[in-house]
Amino acid sequence: MPFTPASDALKHIKVLDLTRVRSGPTCVRQLADWGANVIKVELPEALEGGNQLGGKRHGSDFQNLHRNKRAMSLNLKDPDGVAVLKKLVESADVVVENFRPDVKTRLGVDYDALSAINPRIVYASISGFGQDGPYEKRPGFDQIAQGMGGLMSITGLVGQGPVRAGIPVADLTAGLFASIGIFVALLERGESGKGQWVQTSLLQAMTFMLDFQAARWTMDGTVPKQAGNDHPTSIPTGVFTTTDGHINIAVAGQAIWKRFCTSIGRDDLADHPDYSTGELRSANRHALNAIIDEITRTKSSEDWVDLFNEAGVPAGPINTIDKVFQDPQIQHLGMQRGVDSPNVGRRIDLVGQPIKMSRTPSEIVVYPPDPGEQTDEILAEHGYSEAEIADLRGRSVI
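Notes on the structure in this doc start here. (Residues numbered from 1 in each chain as written. Predicted model: local features only at pLDDT ≥ 70, side-chain atom pairs only at ≥ 80, totals over all residues. Heavy atoms only, no water.)

1. Describing the overall build of the protein chain
Stage number 1. Regarding its fold elements, the protein chain presents 19 helices and 11 strands.
Stage number 2. Overall, the protein chain is about 85 × 50 × 45 Å in size when its C-alpha atoms are taken along their principal axes.
Stage number 3. Every one of the 398 residues in the protein chain was classed for burial, and the buried ones make up 47%.
Stage number 4. Looking at the protein chain alone, contacts between residues at least 24 apart form 69% of all its contacts between residues at least 6 apart.
Stage number 5. Put simply, the protein chain has 40 plus and 49 minus side-chain charges, and the middle of one group is 2 Å from the middle of the other. (Helix = DSSP H or I, 4+ residues; strand = E, 2+ residues; numbered from the N terminus. Buried < 20%, exposed > 50% of the residue type's maximum accessible area, 1.4 Å probe, protein only. Contact = heavy atoms within 4.5 Å. Lys, Arg positive; Asp, Glu negative; His and termini not counted. Charge placed at Lys NZ, Arg CZ, Asp CG, Glu CD.)

2. Notes on the packing of helix α9 (residues 169–192) against helix α10 (residues 202–209)
Stage number 1. Contact geometry of α9 with α10 gives a least axis separation of 8 Å together with a crossing angle of 95°. Comparing their axes, α10 and α9 come out roughly perpendicular. Where α9 approaches α10, its residues V169, A170, D171, T173, A174 and F177 are matched on the opposing element by L202, A205, M206, F208 and M209.
Stage number 2. The residue inventory of the contact of α9 with α10, partitioned by class, reads 9 nonpolar, 1 polar and 1 charged. (Axes fitted to C-alpha atoms, helices over the stretch in contact; angles between N-to-C directions. Parallel < 35°, antiparallel > 145°, perpendicular 65-115°, else oblique. Nonpolar A, V, L, I, M, F, W, Y, C, P; charged D, E, K, R; others polar.)

3. Details of a negative patch on the surface
Stage number 1. A surface patch of negative charge is lined by D244, E302, D303, D306 and E310.
Stage number 2. Of note, D303 is situated in helix α15 (residues 301–310). (Patch = residues over 30% accessible without salt bridge, like charges linked within 9 Å, V, L, I, M, F, W, Y side chains within 5 Å. Areas by Shrake-Rupley, 256 points an atom, 1.4 Å probe, with all protein chains shown as cover. Salt bridge = Lys/Arg side-chain N within 4 Å of Asp/Glu carboxyl O.)

4. Focus on the sheet that holds strand β3 (residues 70–73)
Stage number 1. The 6 strands are arranged β3-β2-β1-β4-β5-β6 in an open sheet whose pairing can be described as parallel. Taken across any chain shown, the strands that pair with only one partner, and hence form the sheet edges, are β3 and β6 (197–201). Between one strand axis and the next, the sheet turns through 20° on average, direction left out of account.
Stage number 2. α9 rests against β4 (94–97), β5 (122–127) and β6 of the sheet, and its axis sits at about 165° to β6. (Pairing = 2+ DSSP bridges.)

5. Comments concerning the packing of aromatic side chains
Stage number 1. Summed over the entire model, instances satisfying the criterion amount to 8 aromatic pairs.
Stage number 2. Put simply, the rings of W257, F260, W304 and F308 touch in pairs and so form one group of aromatic residues.
Stage number 3. Stacked on the ring of Y135, the Lys or Arg R138 has its end atom at 3.8 Å from the ring centre.
Stage number 4. Geometry around W304 places K299 over its ring, the cationic atom sitting 5.7 Å from the centre. (Phe/Tyr/Trp six-rings, centres within 6.5 Å; stacked < 30°, edge-to-face > 60°. Lys NZ or Arg CZ within 6 Å of the ring centre and 35° of its normal.)

6. Here's the deal with a nonpolar patch on the surface
Stage number 1. A cluster of nonpolar residues, Y135, F141, I144 and M148, forms a patch on the protein surface that exposes about 390 Å² of accessible area.
Stage number 2. Its location among the elements puts M148 in helix α7 (residues 142–148).

7. Re helix α4 (residues 79–89)
Stage number 1. Within α4, the full set of buried residues consists of G81, V82, V84, L85, L88 and V89. Around the axis of α4, the buried residues are gathered within 155° of arc, so they sit on the same side.
Stage number 2. Its side-chain oxygen at 2.7 Å from the backbone nitrogen of D80, D78 defines the N-terminal cap of α4. (Arc of directions from axis to C-beta. Polar contact = N/O pair within 3.5 Å; in protein donor to acceptor, adjacent residues only side chain to side chain.)

8. Here we look at the sheet that holds strand β9 (residues 315–317)
Stage number 1. Taking strand neighbours across the sheet as the criterion, the 3 strands line up as β7-β8-β9 in an open arrangement whose pairing is antiparallel. The two strands at the open ends of the sheet, each matched to only one other strand, are β7 (237–242) and β9. With direction set aside, neighbouring strand axes in the sheet form an average angle of 30°.
Stage number 2. Here strand β8 (residues 245–250) runs beside β9; their pairing, made up of 3 bridges, is antiparallel. Across the sheet, the residue bridging to N248 is G316, located in β9.

9. Quick word on the environment of V15
Stage number 1. One can find V15 in strand β1 (residues 14–17).
Stage number 2. What V15 contacts, discounting residues up to four positions off in sequence, is V28, L31, A36, N37, V38, I39, V94 and V96.

10. Details of the environment of G345
Stage number 1. Considering the arrangement of structural elements, one finds G345 in the loop between β10 (336–341) and β11 (346–351).
Stage number 2. In this structure G345 comes out as exposed when scored by relative accessible area, which is 60%.
Stage number 3. Each C-alpha atom, one on G345 and one on H58, is 9.7 Å from the other, the two residues being 287 residues apart in sequence.

Next comes the structure, spelled out in structure tokens:
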């Protein structure tokens, strides 16, 4: 399977993917989906010893993370394996890794070692807590970062106690931030001619994602708390009951507040002394929410969503995952993309990119590879003969 770019946008970029599990593969997926020539480097199966990370190879999670890549096996614990990697680095643009910070140095594949071979290399590292500092050697895990980064303290119902988000938000955002760092470094390299070391961590990503909640502390000294389904500052914004389920309503600002009151047949609330301003609505949110909830219980979710949107009041259904992908707007946006996979034995549907490009769109053109599936062809592309490849395989280097 020769290199088939998923887009023309990054087809000139070669990426060596040394990552595992989620944060690193999330980063590299952004590069692969936009056309980069991604080579996924993994330990030979015979040496894994049952320690394969990242879920079942043909399972939905692994397949969704590793499309548009080719795979080769390489034992980086063997000096000859490191020598092969360094040969690949000579013509590479990007290396991405998410080892514990000390591991890459011990293996001899750290930034200093690889940039000495190719000064143009952009080397991206994702860790749990950073490449140095008091927590440098701690193992990282998404939920640990969600807790340490403050997200769990502001998620969930009031008084419920800490609640994790339903997705691995620290892993995902760390991967996305690493990809942004790589794009910035590649752009800067166009000016300087030099690569650099890009670093991020789950803890940094999670802290950044606190966004306005963090700024409430850094600027005002306010410690945000759990607010359940209520928006912490914009009221009434939250979940309301209907005859057949629940909907979200988001009322922000006085103009929308007045439109909302008219929509529910309660113009009297617009100038009510308890609710006429945002500050008053926030102070009296529980009483206001109870009034609204009694009203929304009289119609179906679809009826209310249509009514509110026609009136210019933001509202939407609360979908289960199956209904997300049945939504006509999601289908229009192409968020479910298919590819034929001989390894899985059928056509598989994966999650598409959330970005549209007018000239260089992203597609899923290559099925996720099996372990080491393209080892021989990748080595041949880098000048290795059949005899040399056979020798490396015979010595379990590949």
